[in-house]
Amino acid sequence: MPALPFDPEGADTVIVAYTLDRVDLTLARQLLKRGSRQILFEHATCWTDPPVFAADVTTFLHQSNVAPWDEHMIFGLDGSTAQEPADDRPPQELAEEIFQADPIPNSGDGATPADADDDLCAFVSSIAGYWPAQTRQRGRMRSPGPVSSSQFR
């Protein structure tokens, strides 16, 4: 499947974002009013400070998160720590590196089934008919997530 820039008029597409909290206002408006045949997938969603609108699918709810390409701390086996600088390459270059990476088949952990591509395709095919087909605007997530507050009271 080719990776293409977001097309507000496109159909039958999956729009993939690492997180929506860094999306500029112009793109956010387009994503909010995206077509009915466009599915918005967000990997990392902050539940304590949710984005202005909700993605159709998210895989990781977090309170605090550091993207793999942002500055982060590395912990050594000997207990040492070091700061790893941010990867300042343009997003297109990072995306191309990810796209070109040699995928490692996931054989599972021995206690659960493997995450085979065929299984994912079968799952998506089984729910495709139930996905909302009408044009929709998804507003801000009002739920505070799995915990009623990020503050101790």
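The structure under discussion appears in the preceding block.
Report follows, based on the coordinates.

Rules of the game
- Residues numbered from 1 in each chain as written.
- Predicted model: local features only at pLDDT ≥ 70, side-chain atom pairs only at ≥ 80, totals over all residues.
- Heavy atoms only, no water.
- Helix = DSSP H or I, 4+ residues; strand = E, 2+ residues; numbered from the N terminus.
- Buried < 20%, exposed > 50% of the residue type's maximum accessible area, 1.4 Å probe, protein only.
- Contact = heavy atoms within 4.5 Å.
- Areas by Shrake-Rupley, 256 points an atom, 1.4 Å probe, with all protein chains shown as cover.
- Core = buried A, V, L, I, M, F, W, Y, C linked by side-chain atoms within 4.5 Å.
- Patch = residues over 30% accessible without salt bridge, like charges linked within 9 Å, V, L, I, M, F, W, Y side chains within 5 Å.
- Salt bridge = Lys/Arg side-chain N within 4 Å of Asp/Glu carboxyl O.

Below, the discussion takes up the overall build of the chain. When its secondary structure is counted, the chain shows three helices and five strands. Along the chain, from the amino end to the carboxyl end, the secondary structure elements read β-α-β-β-β-β-α-α. When the 153 residues of the chain are sorted by exposure, 19% land in the buried category. Taking contacts inside the chain between residues at least 6 apart in sequence as the whole, the part at least 24 apart equals 51%. Put simply, the chain shows about 11,800 Å² of open surface, and 58% of that area lies on carbon and sulfur atoms.

Let us now look at the nonpolar core. In terms of nonpolar packing, the biggest core is built from eight residues, these being Ile15, Ala17, Leu20, Ala28, Leu31, Leu40, Phe53 and Ala55. Once you skip the residues sitting within four places of it in the chain, Ala28 turns out to touch Val23 and Phe53.

Time to look at a nonpolar patch on the surface. Taken together, the side chains of Leu120, Phe123 and Val124 define a hydrophobic patch exposed on the protein surface, amounting to about 290 Å² of accessible area. The partly exposed category is assigned to Val124, whose relative accessible area is 44%.

This structure, assessed with the given rule, holds five salt bridges. Across the pair Asp70 and Arg22 runs a salt bridge, and its minimum N-O distance is 2.6 Å. Of this pair, Asp70 sits in the loop between strand E3 (57-62) and strand E4 (72-75) while Arg22 sits in the loop between strand E1 (13-17) and helix H1 (25-32), and the two are 48 residues apart along the sequence. Taking relative accessible area as the criterion, Asp70 reaches 18% and is therefore assigned buried. Taking the shortest distance from any N to any O, the salt bridge between Asp56 and Arg34 comes out at 2.9 Å. Linking Asp56 in the loop between strand E2 (38-46) and E3 with Arg34 in the loop between H1 and E2, this pair joins segments that are 22 residues apart in sequence. Arg34 matches Asp56 in its accessibility class, with the two residues each being buried. Here the residues in one salt-bridge network are Asp87, Arg89, Glu93 and Glu97, joined through shared partners.

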